[in-house]
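Structure at a glance
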Amino acid sequence: DIETPNNIILSGTSKSIEFESGEVKLTHKNQQGLTIEMGGQDDANEPILELKSTNNGSGSIIDFLNTGISTGFPVISKIRARVGTGNTDIRSQIDTFHTASSGVASIRFFAYTGTSNQLQMTIDGADDSVDFKGDLKIYGRVILSSLWSKLLLKVRLCRPSGGTV
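Definitions and limits used
- Residues numbered from 1 in each chain as written.
- Predicted model: local features only at pLDDT ≥ 70, side-chain atom pairs only at ≥ 80, totals over all residues.
- Heavy atoms only, no water.
- Helix = DSSP H or I, 4+ residues; strand = E, 2+ residues; numbered from the N terminus.
- Buried < 20%, exposed > 50% of the residue type's maximum accessible area, 1.4 Å probe, protein only.
- Pairing = 2+ DSSP bridges.
- Axes fitted to C-alpha atoms, helices over the stretch in contact; angles between N-to-C directions.
- Salt bridge = Lys/Arg side-chain N within 4 Å of Asp/Glu carboxyl O.

1. Some remarks on the environment of Glu-20
If you trace the backbone, Glu-20 turns up in the loop between strand 1 (16–19) and strand 2 (24–29). Note on Glu-20: relative accessible area 64%, which makes it exposed. Between the C-alpha atoms of Glu-20 and Gly-39, which are 19 residues apart in sequence, the distance is 9.9 Å.

2. A look at the sheet that holds strand 3 (residues 33–38)
Strand order across the open sheet formed by 3 strands is 1-2-3, with antiparallel pairing between neighbours. Unpaired on one side and paired on the other, strand 1 and strand 3 mark the two borders of the sheet. Neighbour to neighbour, the strand axes of the sheet diverge by 15° on average, direction disregarded. Note that strand 1 and strand 2 share 4 bridges and pair antiparallel. Bridged to Ile-17 within strand 2 is Leu-26.

3. Points about the pattern of salt bridges
Tallied over the entire structure, the rule returns 1 salt bridge. A salt bridge links Lys-78 to Asp-95; the nearest nitrogen and oxygen atoms lie 3.8 Å apart. Of this pair, Lys-78 sits in strand 4 (residues 75–82) while Asp-95 sits in strand 5 (residues 90–98), and the two are 17 residues apart along the sequence. Residue class for Lys-78 comes out partly exposed when judged on its relative accessible area of 41%. You can call Asp-95 buried: its relative accessible area is 5%.

4. What to know about the pairing of strand 6 (residues 105–112)
In this sheet, strand 6 lies alongside strand 5 in antiparallel orientation, the contact comprising 7 bridges. Bridging from a neighbouring strand, Asp-95 pairs with Arg-108 of strand 6. The hairpin turn running from strand 5 into strand 6, its antiparallel successor, is 6 residues long, and Gly-103 in that turn takes a positive phi close to 85°. In terms of strand pairing, strand 6 meets strand 7 (residues 117–124) through 7 bridges, oriented antiparallel. The residue of strand 7 that forms the bridge with Ile-107 is Ile-123. Linking two consecutive strands that pair antiparallel, namely strand 6 and strand 7, is a turn of 4 residues; a positive phi of about 110° is found at Gly-114 within it.

Here's what the structure looks like:
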(Lines give C-alpha, C1' and ligand atoms only; values in the text may rest on other atoms or scores of the structure.)
Protein backbone atom coordinates (compact mmCIF):
# COMPACT_ATOMS: atom_id res chain seq x y z
CA ASP A 1 0.00 0.00 0.00
CA ILE A 2 1.07 3.55 -0.70
CA GLU A 3 -0.20 6.38 1.48
CA THR A 4 0.73 9.99 1.00
CA PRO A 5 -0.82 13.33 1.96
CA ASN A 6 0.56 14.75 -1.30
CA ASN A 7 0.13 14.14 -5.04
CA ILE A 8 1.72 11.16 -6.77
CA ILE A 9 3.63 12.46 -9.79
CA LEU A 10 4.98 10.20 -12.54
CA SER A 11 7.59 12.26 -14.40
CA GLY A 12 8.05 11.92 -18.14
CA THR A 13 5.66 10.94 -20.89
CA SER A 14 3.60 7.79 -21.47
CA LYS A 15 4.00 6.30 -17.97
CA SER A 16 1.99 3.32 -16.70
CA ILE A 17 0.69 1.84 -13.47
CA GLU A 18 0.33 -1.96 -13.53
CA PHE A 19 -1.83 -4.12 -11.26
CA GLU A 20 -1.56 -7.89 -10.70
CA SER A 21 1.63 -8.41 -12.73
CA GLY A 22 0.31 -6.48 -15.71
CA GLU A 23 -3.19 -7.97 -15.77
CA VAL A 24 -4.57 -4.42 -15.65
CA LYS A 25 -2.50 -1.49 -16.87
CA LEU A 26 -3.36 2.22 -16.66
CA THR A 27 -1.21 4.16 -19.14
CA HIS A 28 -0.84 7.89 -19.69
CA LYS A 29 -0.65 8.53 -23.44
CA ASN A 30 1.16 11.82 -23.93
CA GLN A 31 -1.18 14.57 -25.22
CA GLN A 32 -4.08 12.05 -25.49
CA GLY A 33 -5.22 10.90 -22.05
CA LEU A 34 -5.43 7.56 -20.24
CA THR A 35 -5.81 3.98 -21.48
CA ILE A 36 -7.02 1.04 -19.38
CA GLU A 37 -5.63 -2.19 -20.80
CA MET A 38 -6.68 -5.68 -19.71
CA GLY A 39 -4.21 -8.52 -20.20
CA GLY A 40 -3.63 -11.79 -18.46
CA GLN A 41 -4.33 -15.40 -19.39
CA ASP A 42 -8.09 -15.27 -19.77
CA ASP A 43 -9.03 -13.60 -23.06
CA ALA A 44 -12.67 -13.48 -21.92
CA ASN A 45 -11.92 -10.67 -19.45
CA GLU A 46 -12.62 -7.21 -20.85
CA PRO A 47 -11.65 -3.98 -19.11
CA ILE A 48 -14.47 -2.54 -17.05
CA LEU A 49 -14.61 0.97 -15.69
CA GLU A 50 -17.10 0.93 -12.84
CA LEU A 51 -18.44 4.09 -11.26
CA LYS A 52 -19.96 3.04 -7.95
CA SER A 53 -22.28 5.12 -5.83
CA THR A 54 -23.28 3.84 -2.40
CA ASN A 55 -25.34 6.81 -1.32
CA ASN A 56 -29.03 7.53 -1.80
CA GLY A 57 -28.38 10.20 -4.46
CA SER A 58 -29.05 10.14 -8.18
CA GLY A 59 -26.30 7.65 -9.01
CA SER A 60 -23.04 7.81 -10.94
CA ILE A 61 -22.46 10.32 -13.71
CA ILE A 62 -20.13 10.42 -16.69
CA ASP A 63 -19.62 14.13 -17.24
CA PHE A 64 -18.03 15.33 -20.48
CA LEU A 65 -16.78 18.85 -19.80
CA ASN A 66 -15.50 21.18 -22.51
CA THR A 67 -14.92 24.73 -21.25
CA GLY A 68 -13.10 26.01 -24.35
CA ILE A 69 -16.16 26.65 -26.56
CA SER A 70 -16.81 30.26 -27.50
CA THR A 71 -17.92 30.23 -31.16
CA GLY A 72 -19.31 27.93 -33.82
CA PHE A 73 -20.93 24.50 -33.66
CA PRO A 74 -18.16 22.23 -32.30
CA VAL A 75 -18.29 18.61 -31.16
CA ILE A 76 -18.14 18.73 -27.35
CA SER A 77 -18.09 14.98 -26.72
CA LYS A 78 -17.68 11.66 -28.56
CA ILE A 79 -18.33 8.06 -27.62
CA ARG A 80 -16.77 5.57 -30.06
CA ALA A 81 -16.56 1.82 -30.54
CA ARG A 82 -13.42 0.70 -32.42
CA VAL A 83 -11.80 -2.48 -33.69
CA GLY A 84 -8.34 -0.91 -34.01
CA THR A 85 -6.49 2.35 -33.48
CA GLY A 86 -7.07 4.08 -36.84
CA ASN A 87 -9.95 6.33 -37.86
CA THR A 88 -11.08 3.65 -40.35
CA ASP A 89 -11.45 1.23 -37.40
CA ILE A 90 -14.36 3.16 -35.86
CA ARG A 91 -17.57 1.07 -36.00
CA SER A 92 -19.99 3.41 -34.22
CA GLN A 93 -19.84 6.91 -32.84
CA ILE A 94 -22.08 9.31 -30.95
CA ASP A 95 -21.22 13.02 -31.26
CA THR A 96 -22.73 15.81 -29.20
CA PHE A 97 -22.61 19.21 -30.88
CA HIS A 98 -23.13 22.56 -29.17
CA THR A 99 -24.13 25.87 -30.72
CA ALA A 100 -22.09 28.45 -28.82
CA SER A 101 -24.38 31.40 -29.63
CA SER A 102 -27.67 29.80 -28.46
CA GLY A 103 -26.53 26.96 -26.19
CA VAL A 104 -28.63 24.48 -28.21
CA ALA A 105 -27.22 20.98 -28.68
CA SER A 106 -27.73 18.10 -31.08
CA ILE A 107 -26.70 14.47 -30.82
CA ARG A 108 -25.66 12.51 -33.92
CA PHE A 109 -25.42 8.72 -34.13
CA PHE A 110 -23.11 7.13 -36.71
CA ALA A 111 -22.75 3.44 -37.66
CA TYR A 112 -20.34 1.55 -39.90
CA THR A 113 -22.07 0.40 -43.10
CA GLY A 114 -19.36 -1.88 -44.48
CA THR A 115 -17.27 0.83 -46.10
CA SER A 116 -17.50 3.88 -43.84
CA ASN A 117 -19.32 5.46 -40.90
CA GLN A 118 -22.59 7.01 -41.97
CA LEU A 119 -24.93 9.32 -40.07
CA GLN A 120 -27.96 7.23 -39.03
CA MET A 121 -29.90 9.50 -36.66
CA THR A 122 -29.86 13.05 -35.32
CA ILE A 123 -31.65 14.37 -32.24
CA ASP A 124 -31.83 18.12 -32.76
CA GLY A 125 -32.43 20.45 -29.82
CA ALA A 126 -32.89 23.47 -32.10
CA ASP A 127 -36.24 22.28 -33.47
CA ASP A 128 -37.10 19.37 -31.14
CA SER A 129 -36.82 16.80 -33.93
CA VAL A 130 -35.40 13.38 -34.65
CA ASP A 131 -34.04 12.85 -38.16
CA PHE A 132 -33.22 9.32 -39.25
CA LYS A 133 -31.81 7.55 -42.28
CA GLY A 134 -33.63 4.55 -43.75
CA ASP A 135 -36.61 2.75 -42.26
CA LEU A 136 -37.85 3.33 -38.73
CA LYS A 137 -38.32 -0.12 -37.18
CA ILE A 138 -39.63 -1.26 -33.81
CA TYR A 139 -38.98 -4.92 -32.95
CA GLY A 140 -38.00 -5.52 -36.59
CA ARG A 141 -41.28 -4.18 -38.00
CA VAL A 142 -41.13 -1.21 -40.35
CA ILE A 143 -43.11 1.63 -38.76
CA LEU A 144 -42.06 4.32 -41.24
CA SER A 145 -40.42 3.39 -44.54
CA SER A 146 -37.47 5.23 -46.02
CA LEU A 147 -39.81 6.47 -48.76
CA TRP A 148 -42.00 8.16 -46.16
CA SER A 149 -38.99 9.32 -44.18
CA LYS A 150 -37.86 11.28 -47.25
CA LEU A 151 -41.28 12.91 -47.43
CA LEU A 152 -41.69 13.38 -43.68
CA LEU A 153 -38.25 14.70 -42.85
CA LYS A 154 -38.78 15.20 -39.14
CA VAL A 155 -40.58 13.31 -36.41
CA ARG A 156 -41.54 15.76 -33.66
CA LEU A 157 -40.62 14.90 -30.12
CA CYS A 158 -43.29 15.27 -27.48
CA ARG A 159 -42.05 16.95 -24.33
CA PRO A 160 -43.83 18.78 -21.55
CA SER A 161 -43.82 22.53 -21.79
CA GLY A 162 -40.71 23.88 -20.07
CA GLY A 163 -39.44 20.34 -19.41
CA THR A 164 -35.78 19.65 -18.90
CA VAL A 165 -33.65 16.57 -19.00
